[in-house]
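Structure at a glance
Spelled out from the first residue to the last, the chains are:
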Amino acid sequence: MLKLIVLSDLHIVPEGDLSHGLDTTERLETGIDFVNRRHADADLIVIAGDLADRGEKAAYERLQTSLAKFAQAPVLTLGNHDSIEVFADHFGKDHVNEQTGKIDHVIDRNGHRVIVLDTSVPGQAGGRLEEAQLAWLEQQLNEAAGKPVIIVMHHNITPFGVPTDGIILENGDAFAELVSGNRNIRYVLSGHVHMSVSGNFRGVPFCTIAGGHYNIEPTLGAPTQERSAGFVPRREGPGQLAVVLSDDTATVVHMENYIDRHLVLSPDLF
Ligand SMILES: [Fe+2]
């Protein structure tokens, strides 16, 4: 059995600053405490990008201080809000994959292969997997030799019918082509959209985690004029992570809220 924890969209800002009114460091540290208390038995923790809100050095320094509070060091990759240059300068060049030049990782644990891909592209909000990354991914899948594979990356691989559809992974088709077939891909987990969605794209099962920042209302079915006017309600939302439980036969993904302002119902009601 593999127990994998995936967090996303931390959007850390320098000390004394807020991001859209939210104290993102406090939110992250609530999440870290939650993981340490509830998931001390996790085999692996991955953070799926948008580590910093604006990619400044001071934000990565503050992030590093918070991450040291995890009982085990998480594996990191980047999102569109990050800066690979500033990140690598601060966290060290050993985070950069020699073959791809991006923050890509492969981890073999408990009979599974976990592949973490950096879909960020400097200067743009949408994501992409470069040719070198697709080649590296293919190599990792070949080496997995049918072992269950779980993939984590920042950008979602297909549109969801929501306002962020213009900034998804721009070569989702090339990715899907590579991972579909007899690859034993159990799940592709992403962040980016700040909402939880699950589905299947060209035979590839995927989900997105609402993450640690604000949540975006999908506005499905909203009047066209509201949608075209850029009417996108955002909420404080939960702080949300994914808990992936996977063995030889099944992979289950729980979305757990480490920040949740919902009322806890009285025991008398049961
Ligand atoms: Fe984000």
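The notes below deal with the structure included here. (Residues numbered from 1 in each chain as written. Predicted model: local features only at pLDDT ≥ 70, side-chain atom pairs only at ≥ 80, totals over all residues. Heavy atoms only, no water.)

1. Here's the deal with the environment of E85
- Its location among the elements puts E85 in helix α3 (residues 84–91).
- Note on E85: relative accessible area 64%, which makes it exposed.
- In this structure, the C-alpha to C-alpha distance between E85 and M195, residues 110 residues apart in sequence, is 28 Å. (Helix = DSSP H or I, 4+ residues; strand = E, 2+ residues; numbered from the N terminus. Buried < 20%, exposed > 50% of the residue type's maximum accessible area, 1.4 Å probe, protein only.)

2. Quick look at the coordination of the iron ion
- Donor atoms from the polypeptide that coordinate the iron ion comprise D9 (OD), H11 (NE2), D50 (OD) and H194 (NE2), at 2.0 to 2.3 Å from the metal.
- Going along the chain, you hit the donors of the iron ion in the pattern D-x1-H-x38-D-x143-H. With H11 in the loop between β1 (2–7) and α1 (24–38) and H194 in the loop between β7 (185–190) and β8 (197–201), this residue pair connects regions lying 183 residues apart in the sequence. There is no split in this pair, since H11 and H194 are both buried. (Donors = N, O, S within 2.8 Å, 3.2 Å for Na, K, Ca; no water.)

3. Looking at the environment of L2
- The topology assignment puts L2 in strand β1.
- Spatially, the C-alpha atoms of L2 and V244 are 7.6 Å apart, while their sequence positions differ by 242 residues.
- Beyond its immediate stretch of four places on either side in the chain, L2 contacts D43, R109, N110, H112, V114, I150, V244, L245 and S246. (Contact = heavy atoms within 4.5 Å.)

Purely geometric numbers; function is a separate question.
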